[in-house]
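Examining the three-dimensional arrangement
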Amino acid sequence: MNYYIRHQEWERILVKLNAIPSIHTKNETALRRFIEGVWFVARSGCQWRLLPERYGSWRAVHMRFKEWSDKGVWKQLFESMHIEADKEATMIDATIIRAHACSAGYKKDSGDQEALGRSRGGFTTKIHALVDALGNPLKFILTPGQRNDITQAESLLEDVTNAVVIADKGYDSNALIEAIEKQKSVAVIPSKKNRKVQREYDTNLYKERHLIECFFGKIKHFRRIFSRFDKTAQVFMGFLNFVGALIWLR
């Protein structure tokens, strides 16, 4: 069987998974086949039922993926990668994801709960992200597509202290600047044009903001992230955490 995940990357994933309780990792061959199956669906964006037979029963892979999403296993795998994070500087931003019609209808009036809404792009979900100084992901929050970027800023930054926080002018607000300063951090956020007194900021540091845009470009190579097909936010977040962990392995 040809593997898409390189051997060195798999070794690191296996070490992380072995440290997570309540999941079965003794059969390494079966476990790797499952992870490779998840990779194939995430990368290709195919329906679960179209998963090639070499990965085993598509129903079994699907149910195990959903179970791990519900248990928070993918989140634990993603967060276990943060040991190497460079938190001297952090960046926040958000990106819109188009949601396919099949992602609707989980429960009546559950759009907000499942992070589905209407924006200029149509039926969408918004991914709010925090990345470190090297552009590696640290945290994700999902909201309906029409939700303003700044609404999740303080939640993204709640654990950030003694760091430089870089963001675009969409995050320019007195409340957020004060919150950042209370956490002993420095805000590198340009002022909006309508601000009477334009704040000074480090323009050289601000150039590093391209790293979070590059990060969004990386995760959107995975079709299951680029387009949302999942009815629940928890399952879509499972794919996002899995892909986030893969980014750390590059």
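Sequence order sets the numbering: in each chain, residues are counted from 1 along the sequence as written. Under the rules for a predicted model, residues below a pLDDT of 70 receive no local features and side-chain atom pairs below 80 are neither given nor counted, while totals for whole chains, interfaces and linings still include all residues. The basis for the side-chain values is all heavy atoms of the structure; hydrogens and waters are excluded.

1. Remarks on the packing of aromatic side chains
Pairs were defined over the aromatic rings of Phe, Tyr and Trp, the Trp ring being its six-membered one, requiring ring centres within 6.5 Å. Orientation was assigned from the angle between planes: stacked under 30 degrees, edge-to-face over 60, tilted for the rest. According to the stated counting rule, one finds 16 aromatic pairs in the structure shown. Their ring planes at 10° and their centres at 4.6 Å tell us that tyrosine 4 and tryptophan 39 sit as a pair that is stacked. Here tryptophan 39 lies in helix α2 (residues 28–44) and tyrosine 4 lies in the segment before α1 (7–18), a separation of 35 residues in the sequence. With centroids separated by 6.4 Å and ring planes inclined at 45°, the aromatic side chains of tyrosine 4 and phenylalanine 40 adopt a geometry described as tilted. Separated by 36 residues along the polypeptide, tyrosine 4 in the segment before α1 and phenylalanine 40 in helix α2 bring together distant segments of the chain. Among the aromatic side chains, those forming a connected cluster through ring pairs are Phe34, Trp48, Phe65, Trp68, Trp74, Phe239 and Phe242. When the ring centre of tyrosine 3 is taken as origin, the NZ or CZ atom of arginine 32, which lies over that ring, is 3.8 Å away. Taking the ring centre of phenylalanine 34 as reference, the NZ or CZ of arginine 64 above it sits at 4.6 Å. Helix and strand labels come from DSSP, where a helix needs a run of H or I of at least four residues and a strand needs a run of E of at least two; each type is numbered from the N terminus. Definition used: whenever NZ (Lys) or CZ (Arg) falls within 6 Å of the ring centre and also within 35 degrees of the ring normal, the charge is taken to sit over that ring.

2. Some thoughts on helix α10 (residues 233–248)
In this model, α10 (16 residues) spans 22 Å end to end at C-alpha, consistent with the 22 Å of a helix rising 1.5 Å per residue. Within α10, 15 of the 16 residues are buried, which leaves it mostly tucked inside the rest of the structure. Helix span, as expected, comes to 1.5 Å for every residue beyond the first. Here's how the labels work: a residue is buried when its accessible area is under 20% of the maximum for its type, exposed when over 50%, partly exposed in between, all with a 1.4 Å probe on protein chains only.

3. Observations concerning the pattern of salt bridges
Definition used for salt bridges: Asp or Glu carboxyl oxygen within 4 Å of a side-chain nitrogen of Lys or Arg. For the coordinates displayed, the defined rule picks out 14 salt bridges. One salt bridge in this structure joins arginine 32 and glutamate 36, with 3.8 Å as the shortest N-O distance. With arginine 32 and glutamate 36 both in helix α2 and four residues apart, this pair spans about one turn of that helix. The residues arginine 32 and glutamate 36 share a single accessibility class, namely buried. Three or more residues are tied together by salt bridges with common partners; here these are Asp93, Asp168, Arg209 and Glu213.

4. Quick notes on the confidence of the model for the chain
When pLDDT is averaged along the chain, the result is 94, and 99% of the positions lie at 70 or above. Think of pLDDT as the predictor's per-residue confidence, scored from 0 to 100. The element-level mean pLDDT for the chain is lowest in strand β2 (residues 117–119), coming to 87, with strand β5 (residues 164–166) highest at 98.

5. What to know about the pairing of strand β1 (residues 89–99)
With nine of eleven residues buried, β1 is to be regarded as a mostly interior element. Where β1 lies against strand β3 (residues 122–131), eight bridges are found, and the strand directions are antiparallel. Looking at β3, one finds that arginine 98 is bridged to threonine 124. Pairing between two strands is assigned when DSSP locates at least 2 bridges connecting them. Across two bridges, β1 lies against strand β7 (residues 227–228) in parallel orientation. Following the sheet pairing, arginine 98 is matched in β7 by serine 227.

6. Some words on the packing of α1 against α2
Between the N-to-C directions of two axes lies an angle of 0 to 180 degrees, each axis being a line fitted to C-alpha atoms and, for a helix, fitted only over the stretch in contact. Following both chains from N to C, one finds α1 and α2 inclined at 110°, their axes separated by 12 Å at the closest point. Classified by the angle their axes make, α1 and α2 are roughly perpendicular. Facing His7, Trp10, Glu11, Leu14 and Leu17 of α1, the residues of α2 in contact are Glu28, Leu31, Arg32 and Ile35. Note on residue classes: Ala, Val, Leu, Ile, Met, Phe, Trp, Tyr, Cys and Pro are nonpolar, Asp, Glu, Lys and Arg are charged, and everything else, Gly too, is polar. Grouping the constituent residues of the contact of α1 with α2 by class yields five nonpolar, one polar and three charged. Should an angle fall under 35 degrees it is taken as roughly parallel, and over 145 as roughly antiparallel, whereas 65 to 115 is taken as roughly perpendicular and any remaining angle as oblique. Contacts between residues were defined by any pair of non-hydrogen atoms, one from each residue, lying within 4.5 Å.

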